[in-house]
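# A structural walkthrough
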Amino acid sequence: MSNPKRVAIIGAGMAGLTLARVLSSHASVRIFEKSKAVGGRMATRRIGGVSFDHGAQYFTLRDPRFRSLLDGAIADGAADRWNADIVSLPATPADGPATASAPRQSEARYVGAPSMKALPAWMAKDCDIAFNVEIASITGTPRNWILKTETGDIGPFDWVIATAPAPQSARLLPSTFGHRDAVQKTAMNACFTLMVTLRAGADTPFAAARLDDPVLSWISRNDRKPGRGEPPCLVVNASPHWSDAHIEAPLDGVKAEMIDALRRYVPLDAGEAAGAVIKRWRYANVARSAGRPFLLDPERHLACCGDWCIAGRVEAAFQSASQLADALVPMLRKPAE
Ligand SMILES: Cc1cc2nc3c(=O)[nH]c(=O)nc-3n(C[C@H](O)[C@H](O)[C@H](O)COP(=O)(O)OP(=O)(O)OC[C@H]3O[C@@H](n4cnc5c(N)ncnc54)[C@H](O)[C@@H]3O)c2cc1C
């Protein structure tokens, strides 16, 4: 590449990594990530030696390009099929535990292996990523964009692409960005996630369950996903509606209410309940998407992509970034005017 264009990507989740892997053959690409690791909402946390996928629970493979990426990851042991039956549990009757309905036949589900974050880590192998760099704003002019951080300016860049969740991207992008309205009309739901280590030998009558419950929407046995294993442990999500309504509530109270609700489905002893850890995702899922696969402003050399352009799914984040890359590659190849 003679005189490659300089491209800054904000965010090292599925969208940012997908973009970087394609664009790096056509430009000089650097990702800026505010946290200390890749993956974004494809997240795994270790608590007392136990691993919890506390963000995305699984993903689907409908897009041929995503399938081709996953074939490579599966061959390298960074992803695997999750063959669990997911049952549906009705709202619990007051006088006893809920009974599961038979699992529905549904499409194949996949996970990172041995943890969800293994897939983004595998994708990041050849990417140039600056960690612990939170971008506060984008200033300057097209072909001379500067990223502002607490510790100084970074740049200039010919292009800047934001892949942060919509409300965070809206705060970063300059007011001149041609698609600000589309970013601002997008809405995202919160999610509280509870991580519970069960005592050795504890059993649950399901590997994963969707709940019709006023507080909770999902329980999964994280240890039963491929490559995980003992001790038994649960990842429990609060429903989008309940999470939004409690987003500013003190975490201790939220945790106590989620544990009370969980006990309607899974018996917990005092030690298991006391050891539970809660995570607040302010922007977890997509309530209203941008309705377009990506937002590109070719005049100003700015763009954004991510799950929120299409739908709140890992595969949608991949599709959004892949389709933006298709549109950007010819522009990056053009010599500077
Ligand atoms: C609890 C939960 C459960 C879910 N369950 C599922 C599921 O079962 N199946 C499914 O398909 N999807 C699920 N999802 C959604 C899925 O995780 C997302 O659709 C997908 O991971 C989004 O990828 P992304 O790259 O678009 O965004 P993200 O993963 O959010 O990546 C954005 C990145 O930008 C970084 N960033 C943000 N602001 C800045 C800044 N100012 N400077 C630098 N970096 C910044 C963030 O740290 C992050 O790493 C779930 C999500 C959550 C939270």
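Conventions adopted
Counting starts from 1 at the beginning of each chain's written sequence and moves along it residue by residue. For this predicted model, a pLDDT threshold of at least 70 governs which residues receive local features, and a threshold of 80 or more governs which side-chain atom pairs are given and counted, while totals over whole chains, interfaces and linings are taken from all residues. Side-chain figures throughout are based on the complete set of non-hydrogen atoms in the structure, without hydrogens or water. Numbering of helices and strands runs from the N terminus; a helix is a DSSP stretch of H or I covering at least four residues, while a strand is a stretch of E covering at least two. Multiplying 1.5 Å by the helix residue count minus one yields the expected span of that helix. Should any heavy atoms of two residues lie within 4.5 Å, those residues are counted as being in contact. What qualifies as a polar contact is a pair of N or O atoms within 3.5 Å, subject to a donor-acceptor requirement within protein and to the restriction that residues adjacent in sequence count only when both atoms come from side chains. For every residue, the accessible area (1.4 Å probe, protein chains only) is compared with the maximum for its type, and the residue is labelled buried under 20%, exposed over 50%, or partly exposed between those bounds. A cutoff of 4 Å decides nearness: a residue is near a molecule or strand if any of its heavy atoms lies inside that distance of it. Throughout, the ten residues Ala, Val, Leu, Ile, Met, Phe, Trp, Tyr, Cys and Pro are labelled nonpolar, Asp, Glu, Lys and Arg are labelled charged, and all others, Gly among them, are labelled polar. As annotated, the domain borders come from an automatic or database domain assignment. When DSSP finds two or more bridges between two strands, those strands count as paired. Here a pair means two rings of Phe, Tyr or Trp (six-membered ring of Trp) with centres within 6.5 Å. Their orientation is stacked below 30 degrees between planes, edge-to-face above 60, and tilted elsewhere. For a lysine, the NZ atom is tested; for an arginine, the CZ atom; a charge sits over a ring if that atom is within 6 Å of the ring centre and within 35 degrees of the ring normal. Remark: nonpolar core denotes a set of buried residues (Ala, Val, Leu, Ile, Met, Phe, Trp, Tyr, Cys) joined through side-chain atoms within 4.5 Å.

### Here's the deal with helix α2 (residues 64–75)
Taking 1.5 Å per residue, 12 residues should reach 16 Å; α2 reaches 16 Å between its end C-alpha atoms and fits that length. Considering only its buried residues, α2 is in contact with α1 (14–23), β5 (79–82), α3 (118–123) and α9 (314–333). Where α2 starts, the residue carrying a side-chain oxygen 2.7 Å from the main-chain nitrogen of Arg 65 turns out to be Asp 63. Positive phi appears at Gly 77, one or two residues downstream of α2, with a value of about 80°.

### Some thoughts on the side chain of Thr 186
Among the secondary structure elements, Thr 186 is positioned in the loop between α5 (180–184) and β13 (187–197). Of the residues examined, Thr 186 reaches a relative accessible area of 9% and is grouped as buried. Among the polar contacts listed, one links the side chain of Thr 186 to the backbone oxygen of Ala 182, at a separation of 2.9 Å. Not counting chain neighbours up to four residues away, the residues in contact with Thr 186 comprise Ala 166, Arg 288, Ser 289, Ala 290 and Trp 308.

### Observations concerning the site of the ligand
What surrounds the ligand is a group of 36 residues, the closest being Ala 15, Glu 33, Arg 41, Tyr 58 and Asp 307. Take Arg 41: an N or O atom from its side chain is 2.8 Å from an oxygen atom of the ligand. The separation between an oxygen atom of the ligand and a polar side-chain atom of Asp 307 is 2.7 Å. Broken down by secondary-structure element, the contributors of at least two residues to the shell around the ligand are α1, β13, β17 (277–288) and α9. Broken down by element, the shell around the ligand gets its largest block of residues, three residues, from β17. The residue makeup of the shell around the ligand, split by class, is 17 nonpolar, 13 polar and six charged. When residues are assigned to domains, the shell around the ligand turns out to be shared by domain 1 (1–42 + 118–186 + 289–337) and domain 2 (43–116 + 187–287), each giving three or more.

### Focus: the pairing of strand β14 (residues 208–211)
Direction of pairing for strand β6 (residues 86–89) relative to β14: parallel, over a ladder of four bridges. Each residue of the ladder has a partner; that of Val 87, found in β14, is Ala 209. Both β14 and strand β15 (residues 216–221) contribute to a ladder of three bridges, which runs antiparallel. Its bridge partner lying in β15, Ala 208 is registered against Ser 220. Counting the residues in the hairpin turn of β14 and β15 gives four residues.

### Topic: the packing of aromatic side chains
Enumeration over the complete set of coordinates arrives at six aromatic pairs. Put simply, the rings of Tyr 58, Trp 82 and Trp 218 pair up and form one aromatic cluster. Its end group placed over the ring of Trp 82, Lys 225 keeps NZ or CZ at 5.0 Å from the ring centre. Over the ring of Trp 281 we find Lys 279; its NZ or CZ atom is 4.3 Å from the centre of that ring.

### A word on the pairing of strand β16 (residues 233–238)
Counting buried residues along β16, six of its six residues qualify, which places the element largely inside the surrounding structure. Burial along β16 is two-sided: Cys 233, Val 235 and Asn 237 and Leu 234, Val 236 and Ala 238, pointing in opposite directions, are all buried. Pairing geometry for β13 and β16, over five bridges, is antiparallel. Its bridge partner being in β16, Leu 194 is matched across the sheet by Val 236. Pairing between β15 and β16: five bridges, direction antiparallel. Following the sheet pairing, Ser 220 is matched in β16 by Val 235.

### A word on the nonpolar core
With 52 residues, the main nonpolar core has Leu 19 and Leu 23 as its most contacted residues. In terms of residues, this core owes the most to one element, α9, which gives nine residues. The residues that make up this core include at least three from each of domain 1 (1–42 + 118–186 + 289–337) and domain 2 (43–116 + 187–287). When near neighbours in sequence (up to four residues on either side) are disregarded, Leu 19 contacts Ile 9, Ile 161, Thr 163, Cys 305, Ala 321, Leu 324, Ala 325 and Leu 328. The next biggest cluster of nonpolar side chains, apart from the first, holds 30 residues, and it includes Val 215, Trp 242, Val 266 and Ile 278.

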